[in-house]
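Results of the structural survey
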Amino acid sequence: MFALNAVHGVNPDAKSRTVPECLSIRKIPYPYRAMLAICSDLDETPDRQAYFETAKFLNTCQMTAMGAGVGLEVGNSIYFDMPGPQFSYWNTDDHGRGMIADCIHSGHIDCLHSYGDRATQRSHVERALEALTRNNCRLEVWIDHATAPSNFGRDIMRGRGDLPSAEIYHSDLSCQWGIQFVWLGRVTSIIGQDSSWNLSGIWNPKEKISSTATGLKEAVKCLAGALGRSKYAMHKANELIQETTLRDGKAVVEFMRFNPNWKGVSWGATADEIAEVLRPAILDRLVRREGISILYTHLGKIGGSSKIFKAATIKAFKTLARYSRDQKILVAATQRILKYRRAAGDLKVSCASAGDRFLIRLDSRYPEDLDGITVYTGQPEKSDLFINGRAVRHFHRNPADPTGRKSISLPWKKLEYPV
Ligand SMILES: [Zn+2]
């Protein structure tokens, strides 16, 4: 989080004038060229050990059952009322629930994956929220799960959680508690959202029929969206987020996930098969397209492996870690990317001068979500930054990026995994 402190010697109320080069927001936080969240639904995670050992491998460089961790930032999801022996909040023990609370506090559990298959009554939701609230836990991202009754999605996920007449109605409670972003079942094959509609990268010359069918399906979704079908509106625009309302009128932000597997969006979305997606050809394309994407996957589906991740999966995450270290892809938890994207889209930027200083002003409804925001400016060393009228002391002054433009940016700090 950036610090707000007084900057001396400049007047934030100085008269505004147009300085065009100051008004451009860099799409991706400097110096990265793309953003990616590995957004895992926890379905079929066998136990506490698999759940947390996976998190440790992904988020730290410590030794784990899979060898040294890869030091990325990868969140996870949680649910409550599930049949055993699958891992869930109620199916684990007090120690496991304590670890869940720690990871929610640190941001490493950042998504609520419905209240579970067996949550059929509003009382199930009240019990779950009471437990989370008692532990000072809050989640802002909702992800529909399979055919869970508490789902919100009306067209794909068949949910009833936002129908006031339903026994499982809970969107009033969940939104009041903290939910702001929702995933309602939409997945695209397109690599890189918030970029042009483009099917390249799906084609697999060794699997001509399957990959052609996948490309055609995506094209049909886009066409349906263009013809006005709301189910595919996000596919048409290829945008990561859109404002929407639940059936009880609650305003939320819906997001779309992607899975560029050539066989289709339902394929390869598991730990065992993620290597088909996290490969250089796809990651390079994400970088080239300067995409912001949230990957649809299930890292708890490990095929009964005692080592949790098999060798190809470990190698895939090492590959992704290299793209992160090389500052090509900013890999971050789902919630952080969603909040960044919402804040960046909402931002108002203006510029004024005071003597030989440039005063860059950001006006935002989400001032807490501006980590990583990068503003191009011709003279970073002479720029001062204000957010909602308050001066910011701690920000970076960056050299020119590959576009030849210099910038200033707010720090982006990796989440610290609780150990
Ligand atoms: Zn699920």
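Remember, it's a predicted structure, so these values are computed and weren't measured experimentally.

What counts and how
Residues numbered from 1 in each chain as written. Predicted model: local features only at pLDDT ≥ 70, side-chain atom pairs only at ≥ 80, totals over all residues. Buried ≥ 20, exposed ≤ 12 C-beta atoms within 10 Å, placed from the backbone. Helix = DSSP H or I, 4+ residues; strand = E, 2+ residues; numbered from the N terminus. Pairing = 2+ DSSP bridges. Core = buried A, V, L, I, M, F, W, Y, C linked by C-beta atoms within 7 Å. Contact = placed C-beta atoms within 7 Å. pLDDT = per-residue confidence, 0-100. Domains from an automatic or database assignment. Nonpolar A, V, L, I, M, F, W, Y, C, P; charged D, E, K, R; others polar. Expected span 1.5 Å × (residues − 1). Arc of directions from axis to C-beta.

1. Considerations on the pairing of strand β16 (residues 357-363)
- For β16, the tally of buried residues reaches 5 of 7 residues, placing the bulk of the element in the interior.
- As paired strands, strand β15 (residues 348-354) and β16 are joined by 7 bridges and run antiparallel to one another. Note that in β16 the partner of Cys351 across the bridge is Ile360.
- The loop that links β15 with its antiparallel partner β16 comprises 2 residues; one of these, Gly355, has a positive phi angle of about 65°.
- Here β16 pairs with strand β18 (residues 383-387) via 5 bridges, running parallel. Residue Phe358 lies in a different strand from β18, and its bridge partner there is Ser383.

2. Comments concerning the nonpolar core
- Counting residues in hydrophobic clusters, the biggest one holds 108 residues, and the most contacted among them are Met35, Ala37, Trp142, Leu295 and Ile329.
- With residues up to four places along the chain from it excluded, the contact list for Ile329 reads Tyr32, Ala34, Leu36, Leu283, Leu286, Val287, Tyr323 and Ser324.

3. Here's the deal with the pairing of strand β10 (residues 241-245)
- Where β10 meets strand β11 (residues 251-255), 5 bridges bridge the pair, whose relative direction is antiparallel. When the bridges of β11 are listed, Thr245 appears paired with Ala251.
- The hairpin turn running from β10 into β11, its antiparallel successor, is 5 residues long, and Gly249 in that turn takes a positive phi close to 95°.

4. Comments concerning the sheet that holds strand β21 (residues 407-409)
- Spatially, 4 strands are ordered β1-β17-β21-β20 in an open sheet, and the strand pairing comes out antiparallel. Strand pairing shows two members of the sheet lacking a second neighbour, β1 (24-25) and β20 (396-398), which therefore form its edges.
- In the sheet, β1 pairs with strand β17 (residues 374-376) via 2 bridges, with the strands oriented antiparallel. Residue pairing in the sheet places Ile25 in a bridge with Val375 of β17.

5. Thoughts on the confidence of the model for the chain
- Across the chain, the average pLDDT comes to 93, with 95% of residues at or above 70.
- In this model residues 1-19 is a low-confidence stretch, pLDDT under 50, and it forms 38 contacts with partners more than four residues away in sequence or in other chains.

6. What about the domain arrangement of the chain?
- The assigned domain composition of the chain is domain 1 (1-32 + 345-419) and domain 2 (35-326).
- Between the C-alpha centres of domain 1 and domain 2 there is a distance of 31 Å.
- At the interface, 9 residues of domain 1 touch 11 residues of domain 2.
- A per-class count over the side of domain 1 that touches domain 2 returns 6 nonpolar, no polar and 3 charged.

7. Details of the sheet that holds strand β5 (residues 77-78)
- Read across the sheet, 6 strands follow the order β5-β6-β7-β8-β11-β10 without closing on themselves; strand pairing throughout is mixed. The two strands at the open ends of the sheet, each matched to only one other strand, are β5 and β10.

8. Brief notes about unusual backbone geometry
- Residue Pro31 follows Tyr30 across a cis peptide bond; omega there is 0°.
- Mapping Pro31 onto the fold places it in the loop between β1 and β2 (34-40).
- In this structure, the amide linkage connecting Gly84 to the following residue, Pro85, adopts the cis form with an omega of 0°.
- With respect to the secondary-structure elements, Pro85 resides in the loop between β5 and α2 (94-106).
- Unlike most non-glycine residues, Asn238 shows phi in positive territory, near 55°.
- By the secondary structure assignment, Asn238 is in the loop between α6 (233-237) and β10.
- Within the chain, Gln327 stands out as a residue other than glycine whose phi angle is a positive 60°.
- As for its placement among the helices and strands, Gln327 is situated in the loop between α8 (311-325) and β14 (329-331).

9. Structural notes on the environment of Ile209
- The residue Ile209 is located in helix α5 (residues 208-226) in this model.
- Given 8 C-beta atoms within a 10 Å radius, Ile209 is considered exposed.
- C-alpha separation for the pair Ile209 and Glu239, spaced 30 residues apart in sequence, amounts to 28 Å.

10. Looking at the environment of Asp94
- Mapped onto the elements of the fold, Asp94 is located in helix α2.
- Taking the C-alpha atoms as reference points, Asp94 and Thr270, 176 residues apart in sequence, are found 28 Å from one another.

11. Structural notes on helix α3 (residues 122-134)
- Across its 13 residues, α3 extends 18 Å between first and last C-alpha, which sits within 8% of the 18 Å expected from 1.5 Å per residue.
- Inspection of α3 places His124, Val125, Ala128, Leu129 and Leu132 among the buried residues, and these make up the whole buried set. The arc that holds the buried residues of α3, viewed along the axis, is 125°, so those residues lie on one side. Facing away from the buried side of α3, by more than 90 degrees, are the exposed residues Ser123, Glu126, Glu130, Thr133 and Arg134.

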